[in-house]
Amino acid sequence: MDKKLLDILVCPVCKGKLVYRKKERELICRADRLAFPIRDDIPVMLEQEARQLAADEEV
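Residues numbered from 1 in each chain as written. Predicted model: local features only at pLDDT ≥ 70, side-chain atom pairs only at ≥ 80, totals over all residues. Heavy atoms only, no water.

Q: Talk me through the nonpolar core; I want residue IDs and the actual numbers.
A: Grouped together as the largest cluster of nonpolar side chains are 10 residues: Leu9, Cys11, Leu18, Leu27, Cys29, Leu34, Phe36, Ile38, Met45 and Ala50. Listed by contribution, the elements that provide at least two residues to this core are strand S2 (26–29) and strand S3 (34–39). Among the elements that take part in this core, S3 stands out by supplying 3 residues, more than any other. Apart from the residues within four sequence positions on either side, Leu34 is in contact with Val13, Leu27, Ile28, Cys29, Ala50, Arg51, Gln52 and Leu53. (Core = buried A, V, L, I, M, F, W, Y, C linked by side-chain atoms within 4.5 Å. Buried < 20%, exposed > 50% of the residue type's maximum accessible area, 1.4 Å probe, protein only. Helix = DSSP H or I, 4+ residues; strand = E, 2+ residues; numbered from the N terminus. Contact = heavy atoms within 4.5 Å.)

Dropping the structure here:
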């Protein structure tokens, strides 16, 4: 994932900062506990495509 792109992307729900998880190929919003997938090197920044993080999942 391009560092410049990471610097400008924000959570579409709360406009908060995102954390990149390379291994899982996801962008994580800690505030909303959502994981946005990255498919074919393109972040899918749609709330309905995001995965809700489990209560015991570390963010």
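Text resumes after the structure shown.
Q: Account for the environment of Arg51, with residues named and values stated.
A: Within the secondary structure, Arg51 is located in strand S5 (residues 51–52). For the pair formed by Arg51 and Glu26, sequence separation is 25 residues and the distance between their alpha carbons is 9.4 Å. Beyond its immediate sequence surroundings of up to four residues, Arg51 is in contact with Glu26, Arg33, Leu34, Ala35 and Glu57. Within the structure, Arg51 has its side chain in polar contact with the side chain of Glu57 (distance 3.1 Å). (Polar contact = N/O pair within 3.5 Å; in protein donor to acceptor, adjacent residues only side chain to side chain.)

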